[in-house]
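Chain residues, written in single-letter form:
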Amino acid sequence: MKVVFIVGKRYMPREWLGVMYLSAILKENDFDVTVCPTDAERVREEVNGGPPAVLAYSMPTLVAAQYLQFNREIRGKLKNRVWSVFGGPHPTYYPEMVEEEGVDAICRGEGEDAFLEFMTLLREGRSPVNCRNWHVKDEEGNIHRNPLRPLRENLDDLPFPDRTLFRPPHFMPLSFMAGRGCPYGCTYCFNRAYNKLYGLKKPSLRRRSVDSVVAELEQLKASGQALAFQSVDDIFCFPPIEWLEEFAEKYTARVGLPLGGNVRANLVNRDVARVMKQAGFFAVAMGVECGNEEVRKKILKRHMSNEMIVNAGLTLREAGIRVSTYNLLGLPGGSFEVDLETLKLNLAFKPIHGIAFILGAYKGTEIHDIAQAMGMLSEDFVQEMRDTSKEMYGWHPHLRFKDEREALRVENLHKLFGLTIGFPFLYRFLPWLSDRRWTRFYGFLSVWYFRFILVVQILALTGAIRRSGYLGKYLASWFSRNGQTKGKIDAAEHA
Ligand code: B12
Ligand code: SF4
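(A) Geometry of the site of ligand 1. Neighbouring ligand 1 are 35 residues; G18, S58, P60, G87 and G111 lie closest to it. Looking at the shell around ligand 1, the elements that each hand over two or more residues are α1 (17-28), β3 (53-58), β4 (82-87), α4 (89-93) and α5 (112-123). The biggest single contributor to the shell around ligand 1 is α1, with four residues. A breakdown of the residues in the shell around ligand 1 according to their chemical character gives 22 nonpolar, nine polar and four charged.

(B) Structural context of the packing of helix α2 (residues 40-47) against helix α3 (residues 64-77). Contact pair α2 / α3: the axes reach a minimum separation of 10 Å and the direction vectors enclose 50°. Here α3 runs oblique to α2, going by the angle between their axes. Here α2 runs over α3; the crossing is right-handed. Along the contact surface, α2 presents A40, V43 and R44, while α3 presents E73, I74 and K77. Class assignment of the residues belonging to the contact of α2 with α3 gives a composition of three nonpolar, no polar and three charged.

(C) Inspection of the sheet that holds strand β6 (residues 134-137) at higher detail. Read across the sheet, seven strands follow the order β2-β1-β3-β4-β5-β6-β7 without closing on themselves; strand pairing throughout is mixed. At either margin of the open sheet sits one strand with a lone partner, and together these are β2 (32-37) and β7 (143-145). Averaged over all pairs of adjacent strands, the angle between their axes in this sheet comes to 20°, without regard to strand direction. Bridge count between strand β1 (residues 2-7) and β2: six bridges; the pairing is parallel. Its bridge partner being in β2, F5 is matched across the sheet by V35. Where α2 meets the sheet, it contacts β1, β2, β3 and β4, and its direction lies at approximately 160° from that of β2.

(D) Summary view of the domain arrangement of the protein chain. As assigned here, the protein chain comprises domain 1 (2-145) and domain 2 (171-468). Each of domain 1 and domain 2 was reduced to a C-alpha centroid, and the two centroids are 30 Å apart.

(E) Layout of the confidence of the model for the protein chain. Across the protein chain, the average pLDDT comes to 90, with 93% of residues at or above 70. For residues 388-392, every residue scores under 50 in pLDDT, and the model assigns this stretch ten contacts once sequence neighbours within four places are set aside. Segment residues 486-495: pLDDT under 50, and zero contacts once partners within four positions in sequence are set aside and those in other chains are kept.

(F) The arrangement of the pairing of β3 in detail. Of all six residues in β3, six are buried; the element is thus mostly enclosed. Alternating positions in β3 separate into two faces, A53, L55 and Y57 on one and V54, A56 and S58 on the other, with burial throughout. Looking at chain direction, β1 and β3 are connected through five bridges and run parallel. By the bridge assignment for β3, F5 is matched with A56. Note that β3 and β4 share six bridges and pair parallel. Looking across to β4, one finds that L55 is bridged to S84.

(G) Up close: the nonpolar core. Among the nonpolar cores identified, the biggest contains 47 residues, and V3, V4, F5, I6, L26, L55 and A56 are the most heavily contacted of them. Broken down by element, the residue count for this core peaks at seven residues, all from α1. With residues up to four places along the chain from it excluded, the contact list for V3 reads L26, F31, V33, V54, A56 and M119. The next biggest cluster of nonpolar side chains, apart from the first, holds 43 residues, and it includes A265, A279, F282 and A283.

(H) Spotlight on the sheet that holds strand β13 (residues 281-289). Spatial ordering of the open sheet is given by β8-β11-β12-β13-β14-β15, a layout of six strands whose pairing is parallel. Strands at the two margins of the open sheet, each flanked by one partner only, are β8 (174-176) and β15 (353-358). Taken over all neighbouring pairs, the strand axes of this sheet differ in orientation by 20° on average, direction set aside. With six bridges connecting them, β13 and strand β14 (residues 322-329) associate as parallel partners. Paired with V284 across the strands is V323, a residue of β14.

(I) Structural detail: the environment of R270. Relative to the assigned elements, R270 resides in helix α9 (residues 270-279). Residue class for R270 comes out exposed when judged on the 12 C-beta atoms lying within 10 Å of it. Considered as a pair, R270 and K298 are 28 residues apart in the sequence and their alpha carbons are 28 Å apart.

(J) Seen up close, the packing of helix α12 (residues 336-347) against helix α15 (residues 404-422). As a packed pair, α12 and α15 sit with axes 10 Å apart at the nearest point and diverge in direction by 5°. In terms of orientation, α12 lies roughly parallel with respect to α15. Contacts between α12 and α15 involve F336, D339, L343, N346 and L347 from the first element and E406, R409, V410, L413, F417, T420 and I421 from the second. Split into classes, the residues belonging to the contact of α12 with α15 amount to seven nonpolar, two polar and three charged.

(K) Structural detail: the environment of A460. Relative to the assigned elements, A460 resides in helix α17 (residues 439-467). Judged by C-beta crowding, with 15 C-beta atoms within 10 Å, A460 ranks as partly exposed. For the pair A460 and C131, spaced 329 residues apart in the sequence, the C-alpha separation amounts to 48 Å.

Criteria and cut-off values
- Residues numbered from 1 in each chain as written.
- Chains lettered and ligands numbered in written order.
- Predicted model: local features only at pLDDT ≥ 70, side-chain atom pairs only at ≥ 80, totals over all residues.
- Near = placed C-beta within 6 Å.
- Helix = DSSP H or I, 4+ residues; strand = E, 2+ residues; numbered from the N terminus.
- Nonpolar A, V, L, I, M, F, W, Y, C, P; charged D, E, K, R; others polar.
- Axes fitted to C-alpha atoms, helices over the stretch in contact; angles between N-to-C directions.
- Parallel < 35°, antiparallel > 145°, perpendicular 65-115°, else oblique.
- Left-handed = near helix turned anticlockwise from the far one by under 90°.
- Contact = placed C-beta atoms within 7 Å.
- Pairing = 2+ DSSP bridges.
- Domains from an automatic or database assignment.
- pLDDT = per-residue confidence, 0-100.
- Buried ≥ 20, exposed ≤ 12 C-beta atoms within 10 Å, placed from the backbone.
- Core = buried A, V, L, I, M, F, W, Y, C linked by C-beta atoms within 7 Å.

Right under this line is the structure:
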């Protein structure tokens, strides 16, 4: 039975690790798996006239409306029986989406064992209505809501993600994950909801062994696909430091390509920065989120001081690691002045770049309830959350601010945030600049500045790859691979 993962056209050049893990376990069990962009023609070619197939969607909330609509349209165009199934963050936190038209089943939480069981039942001609993790609509339209199975304890048992599905651009570091979960409880993040969903009394991180992670990356390097790697773990530098030390030792000996990843300020110290540098970390991203200690602690529940954040940034920089930051603007309990403090805190340790998001208080997160209690959830936001009809996250303010001017200032500051980190003299003009109705112009500047930073990062990364001694070898193998492929195509055309 064929599984066709459907991924938004514009998201195809990214690596979707969730899909890649699912594909790997399905292929290991002899299922035919492929990936298709949201292009009706391509899906028809893949599915039409064949045996029953499963259309599988991996879905963050941002793309929910787009995928649901595509699914409704494509089902009307296919002749054979298809199952439309959905997994990932949106179905996990909004299971009511199973009621939507065109949805046959949704999977909540970790997917590998759940999807394998679901597919095995279908292959054997049995009904999946009692399959754990799944909410399944039966032929009569009744919904069967099943409990979750426990999380996998040992992630080393999973096959490595299937790297044949996506082709990210050459200069992009390839993604990997060394663990799953996060024990912290930041109010705007879904990890808290995830831990609650699984009833974890003491949420912890499930980490792979160093040998398993290094073996995956070594294999990728040997396949000639990789120039650098990016850990998409929520936080890479979790204690104990012995794990990091072992990783640094084995990774440098067997792989040695530049690395990127995420850190949390309270977990950074000189030793951690030194070991990360030794391992090959060339750049890291760190959440500053809010520069006002009180708002950060009370509203975001991030228990760390400003001093800790600045020290972490400086320590990483001293170790020779490029730091960029994540920041949240337009917080409940915050104000334009608080957002300025956030920018100022960044300037205290001068990251390479600061990415700012205007808070989207998703339902299911604690900050949603905080914003609601403060009367800041606008009707528009509630409606948008209901029909998820727009790409709404991070770019425009969603909460109800004290007045229109405040909303304008937050929206403008968001566009000027990264630019001011690059050109700190702008800081003193921000109160005036943020009061102008020049948002579109600022947006234009912000996008182009971001592109510029991307180029700078790529150039710096290229330097790091060159220093690792691998750039020449990679280019040689790339040219010879392309030469061979071209040779094969020429030969095929002659034949
Ligand atoms: C890397 C990452 C990104 C990357 C790439 C996106 C991607 N999904 O690969 C980038 C930087 C682009 C990104 C952007 C954003 N992200 Co993001 N991102 C992540 C991160 C850190 C890792 C994703 C990952 O690879 N996980 C590892 C895999 C193994 O897990 P998984 O994808 O969840 O898949 C498993 C299960 O969910 C399930 N499953 C998944 N799909 C399917 C499908 C089927 C059919 C089945 C059966 C099961 C199933 O099985 C998989 C294996 O167990 C997660 C946090 C996290 N730890 O997951 C946030 C996370 C997904 N991001 C989040 C958010 C909010 C965003 C943004 C909206 C941020 C913003 N303000 O712009 C954007 C949205 C972009 C977009 N178009 O979706 C939220 C999503 C919340 C939500 N309700 O959607 C998360 C959960 C962070 C959080 N803790 O709050 N993100
Ligand atoms: S530390 Fe990061 S991943 Fe962990 S709960 Fe907070 S925001 Fe989420």
